[in-house]
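One letter stands for each residue in the lines below.
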Amino acid sequence: MKTAIGIDLGGTTIKGAIIGETGVCTHITRVPTGADQGGRHVLSNIMDLIGELINKSGRDASSFVGVGFGTPGFVGADGMILGGAENLPGWKGTQVYAPITERFGLRVSGANDVTSVALAELKFGAGRGVQNIVCFALGTGVGGGIATDGKIYKGTHGMAGEIGHIVVETDGAQCTCGRKGCVEAYASATGIVKMAVDFAKTETSPFAAIAHETPAEVTSKMVYDYVAKGDALAMKVHHRMCDMLSRAIGTILDTLSPDRVILGGGVMMAGDVIIDTVKTYTPKYCWPAIYERCEIVIAQMGEDAGVLGAGALALEEFV
Ligand SMILES: [Zn+2]
């Protein structure tokens, strides 16, 4: 079986593993990112992790088809980090491919972390059996990944898939990117909490009382625990979130006409209630014939999706 080394770079942890072409994932290893010590230090940690994985495998580096890595932000075609990774100061401007190839003799393929996750879903998860998918990762922010004709779509500069920053409301809620009204400001865990605390000022319900008294303790999970109880405030937040998310989904459907839209990330722990409500709003925002031919489903890949997708990048590109 052909294998690659997968690296999933996060703000606090770098996760590495050996990935087989059937989706088997072994030797999972985590090391601290060391983001506060700058881009060169992060790259050095990545390279040490690759060395450790090769040692653990007991094989020669040359037996791997290559290294794949997923990272926050954008990876240019030559392996230069072009930005978009604010949680990794100094990572922008780092050349990733050349040093790894120099040290290990392996080719490298990198992509945005959610783009890597989209590849994992396409090959091994909720995207199996179709060619065109769009993934939304609803976490602290909203990330995106696109696959068309069975391949991930990176865009010319590795910047495609920033669907979390589709503006769904003119002069709307403040987004982390500096603009207003991005879908991220409504459909991320952070956005959900902000809406709950904000609406609690005028809403009356058991959850509103809590959110008003102790706003710092509100979490998106708490919002969805109260959605399950039918709480008026929680339902108002939920509907606003799903309406805004559906505007972005509708835009994407009209643009790409995918087979499936896959919703994942921590917020989707709430499950079917979000899918069901999104299905009531999305038809308002796209062409009916396109909507009818697209499924909206929950992501299937678990916490290893990032590292698995990273390894799959190399397996797709170099086999
Ligand atoms: Zn934004």
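Residues numbered from 1 in each chain as written. Predicted model: local features only at pLDDT ≥ 70, side-chain atom pairs only at ≥ 80, totals over all residues. Heavy atoms only, no water.

Colleague: Looking at this structure, how should I read the coordination of the zinc ion?
Modeller: Metal coordination angles have textbook ideals: 109.5 degrees for a tetrahedral set of four donors and 90 or 180 degrees for an octahedral set of six. Coordination of the zinc ion by the protein involves His165 (ND1), Cys175 (SG), Cys177 (SG) and Cys182 (SG), with metal-donor separations of 2.0 to 2.3 Å. In terms of primary sequence, the donors binding the zinc ion are separated according to H-x9-C-x1-C-x4-C. Placement of the pair is His165 in the loop between β10 (151–152) and α4 (184–187) and Cys175 in the loop between β10 and α4, with a sequence separation of ten residues. Take His165 and Cys175: they sit in the same class, and that class is buried. (Donors = N, O, S within 2.8 Å, 3.2 Å for Na, K, Ca; no water. Helix = DSSP H or I, 4+ residues; strand = E, 2+ residues; numbered from the N terminus. Buried < 20%, exposed > 50% of the residue type's maximum accessible area, 1.4 Å probe, protein only.)

Colleague: Looking at this model, I keep getting lost on the pattern of salt bridges. Mind explaining?
Modeller: Should their charged atoms come close, side chains of opposite charge can pair. Scanning the model with the defined rule gives eleven salt bridges in all. Note that Asp304 is salt-bridged to Lys15, the shortest N-O span being 2.7 Å. Of this pair, Asp304 sits in the loop between β12 (295–298) and α11 (305–318) while Lys15 sits in strand β2 (residues 13–20), and the two are 289 residues apart along the sequence. A relative accessible area of 26% means that Asp304 is categorised as partly exposed. (Salt bridge = Lys/Arg side-chain N within 4 Å of Asp/Glu carboxyl O.)

Colleague: How should the environment of Thr204 be read in this particular structure?
Modeller: Looking at where Thr204 falls in the secondary structure, it is placed in the loop between α5 (189–199) and α6 (206–213). The class for Thr204 is exposed, based on a relative accessible area of 72%.

Colleague: Explain the domain arrangement of the protein to me, please; I cannot follow it from the model alone.
Modeller: When the parts of a complex come together, some accessible area is lost, and that lost area is often taken as the interface size. Annotation of the protein at the domain level lists domain 1 (3–119 + 303–318) and domain 2 (128–300). Distance from the C-alpha centre of domain 1 to the C-alpha centre of domain 2: 28 Å. If you look at the interface, domain 1 gives 15 residues, while domain 2 gives 16 residues. Summing the contributions of domain 1 and of domain 2, the shared interface buries around 1100 Å²; its carbon and sulfur component is 64%. Contact with domain 2 buries area across many residues of domain 1, yet Phe74, Val114 and Ala118 alone supply 43% of it, more than any other trio. Joining domain 1 to domain 2, the criterion identifies one salt bridge. A salt bridge links Lys154 to Glu317; the shortest N-O distance between them is 4.0 Å. Linking domain 1 with domain 2 are one residue pair in polar contact (both at pLDDT 80 or more). (Domains from an automatic or database assignment. Contact = heavy atoms within 4.5 Å. Buried area = accessible area lost by both parts, 1.4 Å probe. Polar contact = N/O pair within 3.5 Å; in protein donor to acceptor, adjacent residues only side chain to side chain.)

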